[in-house]
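Chains, contacts and geometry: an overview
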Amino acid sequence: MYERSPSRCSPPRLLPWTRPDGAPCYLSTDNPDSPLSLLADHAEDELIEAAEALLDETGPLPAVRGADPRELCRTAAALHQALRDVLRIAVSRGDRLPEPCDHGETRLCEGRTCCRACRQQIYL
């Protein structure tokens, strides 16, 4: 069973979905492997993949003259939603980054770059 470390308290995680009224949803846990954390990770991955596919599909927007206005509106709405989703994910992930340490020297810890002194993961 996962035991919470009393010395470490993560800020609530902004989830990649909202409540029916549009308000944000948050998850409060220090366990990145909890079922809800894994579900949120999976949802984020799917939203990012959908945004990438949309960019590939739309390419550069056509010139306004001669373009079908309905198609432009649909494309703009889809791009707006994708941008909103990816921005939500970026904010959520940025909020979960640890404060950097000042030790300066790094090493590999279980395949990840960590501080040599305190073993805190360093995101490059």
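Predicted model, so just to flag it, every value in this text is computed and none were measured. (Residues numbered from 1 in each chain as written. Predicted model: local features only at pLDDT ≥ 70, side-chain atom pairs only at ≥ 80, totals over all residues. Heavy atoms only, no water.)

Moving on, we get to the overall build of the chain. When helices and strands are tallied, the chain shows two helices and four strands. By residue count, 22% of the 124 residues in the chain fall in the buried class. Across the chain, every contact between residues at least 6 apart in sequence was considered, and the portion connecting residues at least 24 apart equals 38%. Accessible area of the chain: about 9,500 Å², with a carbon and sulfur share of 57%. (Helix = DSSP H or I, 4+ residues; strand = E, 2+ residues; numbered from the N terminus. Buried < 20%, exposed > 50% of the residue type's maximum accessible area, 1.4 Å probe, protein only. Contact = heavy atoms within 4.5 Å. Areas by Shrake-Rupley, 256 points an atom, 1.4 Å probe, with all protein chains shown as cover.)

A few words now on helix H1 (residues 35-58). Each turn of an α-helix holds 3.6 residues, which means side chains three or four residues apart point in the same direction. The terminal C-alpha atoms of H1 lie 34 Å apart, and with 24 residues this matches the ideal 34 Å at 1.5 Å per residue to within 8%. Where H1 is concerned, the buried positions are Ser37, Ala40, Ala43, Glu44, Ala51, Leu54 and Thr58. The secondary structure elements touched by the buried residues of H1 are strand E1 (13-18), strand E2 (24-27) and helix H2 (69-95). Where H1 terminates, the next one or two residues include Gly59, which has phi positive at roughly 60 degrees. (Expected span 1.5 Å × (residues − 1).)

Another point: H2. A rise of 1.5 Å per residue sets the reference length of H2, with its 27 residues, at 39 Å; its end C-alpha atoms lie 39 Å apart and thus fit the reference within 8%. Buried within H2 we find Thr75, Ala82, Asp85, Arg88, Ile89 and Ser92. Contacts made by the buried residues of H2 are with E1, E2 and H1. Measuring from the backbone nitrogen of Arg70 back to the side-chain oxygen at the start of H2 gives 3.2 Å, which picks out Asp68 as the cap. (Polar contact = N/O pair within 3.5 Å; in protein donor to acceptor, adjacent residues only side chain to side chain.)

Time to look at the confidence of the model for the chain. Summarising the model, the chain shows a mean pLDDT of 81, and 87% of its residues fall at 70 or more. Throughout residues 1-7 the model reports pLDDT below 50, and contacts reaching past four residues in sequence, or to other chains, amount to four contacts. (pLDDT = per-residue confidence, 0-100.)

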